[in-house]
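Chain residues, written in single-letter form:
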Amino acid sequence: MLTHIATAQRSEEKILDSWEFSRTDDTRWRKASVPGTIHTDLLQHHLIPDPHVGMNEKAVQWIDKEDWQYRTAFDVPADWTAHDALELELQGLDTYAAIYLNGQHILKSNNMFVGRTVDVKEVIRTGRNELRIVFYSPIKHDMPNFLQDGLIYPAGNDASDIPLSVYARKAPYHYGWDWGPRLVTSGIWRPVKLRAWDKVTIRDAWMQQRSITDEQAQIQAAITVFTADAGKYKVEITSKDNSFRPIQQKTFLSKGEGILQLPFTINQPKRWWPNGWGTPHLYTIQVTISDDKGILARKEVKIGLRTIQVINRPDSLGESFYLEVNGRPLFAKGANYIPQDNFLPRVSDKKYQQLFADMKAANFNMVRVWGGGSYENDRFYELADEQGMLVWQDFMFACTPYPSGKTFLANVKEEAAYNITRLRNHPSLALWCGNNEVGVAINNWGWKEGYGYTNQQWERMLKGYEQLFRELLPQQVATLDSGRFYFHSSPISNWGKKEDFTKGDNHYWGVWHGMEPFDAFRSHIPRFMSEYGFQSFPQLATVRHFAGEHENDSYSPSMLSHQKSTTRGNQAINTYMLRDYRAPKDFPSFLYLSQVLQAEGMKIAMEAHRQAKPYCMGSLYWQLNDCWPGPSWSGIDYFGRWKALHYYVRKAFAPVMISAVQQQDSLHTWIVSDELQPLTAMLEITVMDIQGHIINTHKQQVHIPANTSSKVYAAPTTQLLGKADTSRVICYMKLVKDNKVLSDNVHYFASTKALQLERPAIAISITRQQEELYITLRTDKLARHVYLSLKDDPDARFSDNYFDLLPGMPVTIRLHAGLSTQAAQQQLQVMSLIDTYKH
Ligand code: BMA
């Protein structure tokens, strides 16, 4: 069946739907969802249990050892076959596929990241047609490669005895990772379209910004056309909002592919600004090609005008690594993004939108599309453009060397070309990175000895690395996206030695993988931190999705099967937890505490990175989100529920941020501003005991220069505290301007474990204004990490959560909900840290 999409007058485009699937050795065909995966189709028909639940992951491992096929029948009207050209566009086939149209083999595909366009003019006919796509088992397909190589690649995240993932140009995390299951999918994961056109079509419209000043932006349009009928045509570039004078050119197009170069100018350009610095202005540009009868082809693109430079060069301190956006040095705030599901086509537009709203809410200006996942859908980059979210784009290689035979390299070359071309118009696209951690791993992870490679085998891997990441990919970027920064691997430096923290970007895993205390975040500050993290468990409702009511322990069977960090995992969480907190009294307390632990630990890092600006110019934590429900380093779980971490990130990444550090006997107060304007505000510090008795106050006006970090106040702790018992005091600090709190923070002089908390009496009052509930909380004594939830709605999103409630300082929390105030009173559950104590 065909679903019609409107295009230019003399071309037609339809999405092919109504698909069926079967195993290749079976005669039964069943209804399929396309785009989709074989796993989700089998699930739909109740032929497999939900792989995200319990230990079902194990029960579905047979799927990737089978061959599968998909088919659809569709009618093509006579006026379609009369067109000059008929093409099938297959935007994503996962992965080893043979495509048959009306029984005739028309294409072979071997890379899920490459969309294909096939000329089907000679094969298609008026009336009924049948398209069939066979997907060969990626495991069976790649086993001969392994047997021929005679060695095992050190792909430690591939959760099978023989890691075949390296051979397949397919999302690496499908084969397992330390936060996700092994679910090796097959299927048509992006749409299939049939297109008919006359004379000429536009394949690509690249708008390369050549230069920009306040007066003018020079754009070079490179329009790739494909001509079926040579002749003279009119090419036009117009602005939908009249932001520049349309350009027209009459040109002769010869048969086949060609590129038209058309420069144009935008006067008084409005710039695209990253989140926090202004509006990410976008221009909509339309390209058309016509003959004297009218428009033949049309393409619309959105662009943003800005400069982005990555300044990675030797300096007096080592080697810098930072972004300069529109000429200003930018401190990058954000996280590492992994695919939002094991089954990629299942991620709805709503989920994309929500995730970007969540990034924006947490004051991100950058997101890293990490190399073990997938080049994201166009929608992802459109949202990044709209939200001012800079994108750090890895090529999809992570944590292992890769083959480097001719066929493999040719396949990667095609993949790079396809994705660079697809993404290069996006103003959010900040940089290309060759891979995740393969560089540091080769030098530091002990592979040669660990896997017992011969010198010859090892040399081959090293040479392969050079060919792939230092020759092929940078050449592709230079040719197809010249001017955009490329570097061969993130991180540039390892984290073992002191000098590592003076050069380039860094993934500091001393905390977690190295079991160093959270405080080590303060002493391990690189020039740009592109990964650091700590695991936590999702909230109870998310846990209950995959583990039954009786599973009240992180070591119960389903819980353990969802803990994919087998080297550290639960043990690390427990060790760190008992360092800082008392053992929680029950399972819900444990889940809550794991989130508090993660958030508090990460807070140290985020604040320290920002304080260290401009030495350090970026903080991208590991990891933003999840691909299934389970414990992981994420701040937002699989169902989109914010963990404590995401609330903490929002505060720690605020445009202006106040924080304090205790050094020896003094307390130092820092203010970091990412704003482009200087600021004058009032600093207010209140020291009180846990019952709210004021011990000391300090107030001063502070001038904060634009885009800096500065220490604004330092005082000996004895001066601040007098004789007060450090285990019973709170230091509350805030920065106020025009009666508005720009940022606030709380400092404690004792570890949380040592704090002498007393049971608080929290009074709650709720009012409603339209769709918003206002929940006011008051306490008589310090309540740490106050956590609000609704009994029957695990998705309730409170305006703040896991915050410290101080005596004498009521807090009002907003909740967007349809509940009456009375129902809210009944539904609302409030707990704080002391509720996790056994006595
Ligand atoms: C980093 C990432 C991932 C991994 C994470 C946690 O190195 O690049 O490979 O999931 O660590 O171990």
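Residues numbered from 1 in each chain as written. Predicted model: local features only at pLDDT ≥ 70, side-chain atom pairs only at ≥ 80, totals over all residues. Heavy atoms only, no water.

1. What to know about the overall build of the protein chain
Now for step 1: In terms of helices and strands, the protein chain carries 18 helices and 44 strands.
Now for step 2: Relative to the 2.2 N^0.38 estimate, which gives 28 Å for 839 residues, the radius of gyration of the protein chain is 29 Å and therefore close to what a compact globule would have.
Now for step 3: Dimensions of the protein chain along its principal axes, counting C-alpha atoms only, are 90 × 65 × 65 Å.
Now for step 4: Counting all 839 residues of the protein chain, 61% fall into the buried class.
Now for step 5: Intrachain contacts of the protein chain at a sequence separation of at least 6 include 70% that bridge at least 24 residues. (Helix = DSSP H or I, 4+ residues; strand = E, 2+ residues; numbered from the N terminus. Rg over C-alpha atoms; globule rule 2.2 N^0.38 Å. Buried < 20%, exposed > 50% of the residue type's maximum accessible area, 1.4 Å probe, protein only. Contact = heavy atoms within 4.5 Å.)

2. Observations concerning the packing of aromatic side chains
Now for step 1: For the structure shown, the criterion picks out 55 aromatic pairs.
Now for step 2: Arranged with centres 6.0 Å apart and planes meeting at 90 degrees, the rings of Phe364 and Tyr621 form a pair that is edge-to-face. One end of the pair, Phe364, is in the loop between helix H5 (349-361) and strand E25 (366-369); the other, Tyr621, is in strand E31 (residues 618-621), with 257 residues separating them in the sequence.
Now for step 3: Accessibility expressed as a relative area gives 0% for Phe364, which makes it buried.
Now for step 4: Centroid distance Tyr375 to Phe395: 6.3 Å. Interplanar angle 75 degrees. Geometry classified as edge-to-face. Residue Tyr375 is found in the loop between E25 and helix H6 (378-387), and its partner Phe395 is found in the loop between strand E26 (390-394) and helix H7 (406-423); the two are separated by 20 residues along the sequence.
Now for step 5: Using a relative accessible area of 1% as the deciding quantity, one classes Tyr375 as buried. (Phe/Tyr/Trp six-rings, centres within 6.5 Å; stacked < 30°, edge-to-face > 60°.)

3. Overview of the pairing of strand E40 (residues 772-779)
Now for step 1: Taken across its 8 residues, E40 has 6 buried, putting it largely inside the fold.
Now for step 2: Where strand E39 (residues 762-769) folds back onto E40 in an antiparallel hairpin, the turn is made up of 2 residues, including Gln770, whose phi is positive at roughly 45 degrees.
Now for step 3: Alignment of E40 against strand E43 (residues 811-816), held across 6 bridges, turns out to be antiparallel. Looking at E43, one finds that Ile775 is bridged to Ile813. (Pairing = 2+ DSSP bridges.)

4. Considerations on the packing of H7 against helix H10 (residues 455-480)
A pair of packed helices can be characterised by two numbers: the angle between their axes and the separation between those axes.
Now for step 1: Direction vectors running N to C along H7 and H10 enclose 35 degrees, while the axes themselves pass 10 Å from each other. Crossing handedness for the pair H7 and H10: right-handed. On H10, the residues that touch Phe408, Leu409, Val412, Lys413, Ala416, Ala417, Ile420 and Thr421 of H7 are Gln467, Leu468, Leu472, Leu473, Gln476, Val477 and Leu480.
Now for step 2: Tallied by class, the residues present in the contact of H7 with H10 amount to 11 nonpolar, 3 polar and 1 charged. (Axes fitted to C-alpha atoms, helices over the stretch in contact; angles between N-to-C directions. Left-handed = near helix turned anticlockwise from the far one by under 90°. Nonpolar A, V, L, I, M, F, W, Y, C, P; charged D, E, K, R; others polar.)

5. Some thoughts on the sheet that holds E40
Now for step 1: If you walk across this open sheet you meet the 3 strands as E39-E40-E43, and the pairing is antiparallel. The outermost strands of the open sheet, each flanked by one partner alone, are E39 and E43. Neighbour-to-neighbour, the strand axes of the sheet open up by a mean angle of 25 degrees, direction not taken into account.

6. A few points about the domain arrangement of the protein chain
Now for step 1: Domain parsing of the protein chain yields domain 1 (2-194), domain 2 (197-303), domain 3 (331-545 + 608-651), domain 4 (654-756) and domain 5 (758-839).
Now for step 2: Taking only C-alpha atoms into account, the centre of domain 2 sits 54 Å from that of domain 5. (Domains from an automatic or database assignment.)

7. Some words on the site of the ligand
Now for step 1: All residues adjacent to the ligand are Trp177, Asp178, Trp179, Trp370, Cys399, Asn436, Glu437, Trp509, His513, Glu531, Trp622 and Trp633.
Now for step 2: Trp177 places a polar side-chain atom, nitrogen or oxygen, 3.0 Å from an oxygen atom of the ligand.
Now for step 3: Asp178 places a side-chain nitrogen or oxygen 2.5 Å from an oxygen atom of the ligand.
Now for step 4: Compared with its free state, where it exposes 300 Å², the ligand has 95% of that area covered by protein. (Near = heavy atom within 4 Å. Polar contact = N/O pair within 3.5 Å; in protein donor to acceptor, adjacent residues only side chain to side chain. Areas by Shrake-Rupley, 256 points an atom, 1.4 Å probe, with all protein chains shown as cover.)

8. Observations regarding the pattern of salt bridges
Now for step 1: As enumerated under the stated definition, the model contains 48 salt bridges in all.
Now for step 2: The partner of Arg116 in a salt bridge is Glu414, with the nearest N and O atoms 2.8 Å apart. Remark: Glu414 occurs in helix H7 and Arg116 occurs in strand E9 (residues 116-119); sequence separation between them is 298 residues.
Now for step 3: The exposure class of Arg116 is buried, given its relative accessible area of 10%.
Now for step 4: Classification of Glu414 by relative accessible area gives partly exposed; the value is 38%.
Now for step 5: Salt-bridge contacts for Glu607 lead to Lys603; the nearest nitrogen and oxygen are separated by 3.3 Å. A residue pair is termed a helical-turn pair when its members lie 3 or 4 positions apart in one helix, as Glu607 and Lys603 do in helix H15 (residues 587-611) at 4 residues.
Now for step 6: Connected via shared salt-bridge partners are Glu13, Glu87, Glu89, Lys193, Arg195 and Arg203. (Salt bridge = Lys/Arg side-chain N within 4 Å of Asp/Glu carboxyl O.)

9. Looking at the nonpolar core
Now for step 1: One finds Phe364, Phe395, Tyr621 and Phe798 to be the most contacted residues of the largest nonpolar core, which totals 151 residues.
Now for step 2: The element contributing the most residues to this core is H15, with 12 residues.
Now for step 3: Those residues in contact with Phe395, other than ones at most four positions away along the chain, are Gly371, Tyr375, Ala416, Ile420, Trp432, Cys433, Gly434, Asn435, Leu473, Val477 and Tyr486.
Now for step 4: Trp68, Val76, Ile99 and Leu107 belong to the second-largest nonpolar core, a separate cluster that totals 37 residues. (Core = buried A, V, L, I, M, F, W, Y, C linked by side-chain atoms within 4.5 Å.)

10. Looking at the environment of Asn336
Now for step 1: Mapping Asn336 onto the fold places it in strand E24 (residues 332-337).
Now for step 2: When the C-alpha atoms of Asn336 and Gln623 are compared, they prove to be 4.9 Å apart, with 287 residues separating the residues in sequence.
Now for step 3: Sequence-distant contacts of Asn336, that is, excluding residues within four places in its chain, are made with Arg368, Trp370, Ser530, Glu531, Leu620, Tyr621, Trp622, Gln623, Leu624 and Asn625.

11. Structural notes on the environment of Gly514
Now for step 1: Inspection of the secondary structure puts Gly514 in the loop between strand E29 (505-507) and helix H11 (520-523).
Now for step 2: Put simply, Gly514 and Thr251 are 263 residues apart on the chain and 63 Å apart in space, counted from C-alpha to C-alpha.
Now for step 3: For Gly514, the contacting residues outside a window of four places in its chain are Trp495 and Trp509.

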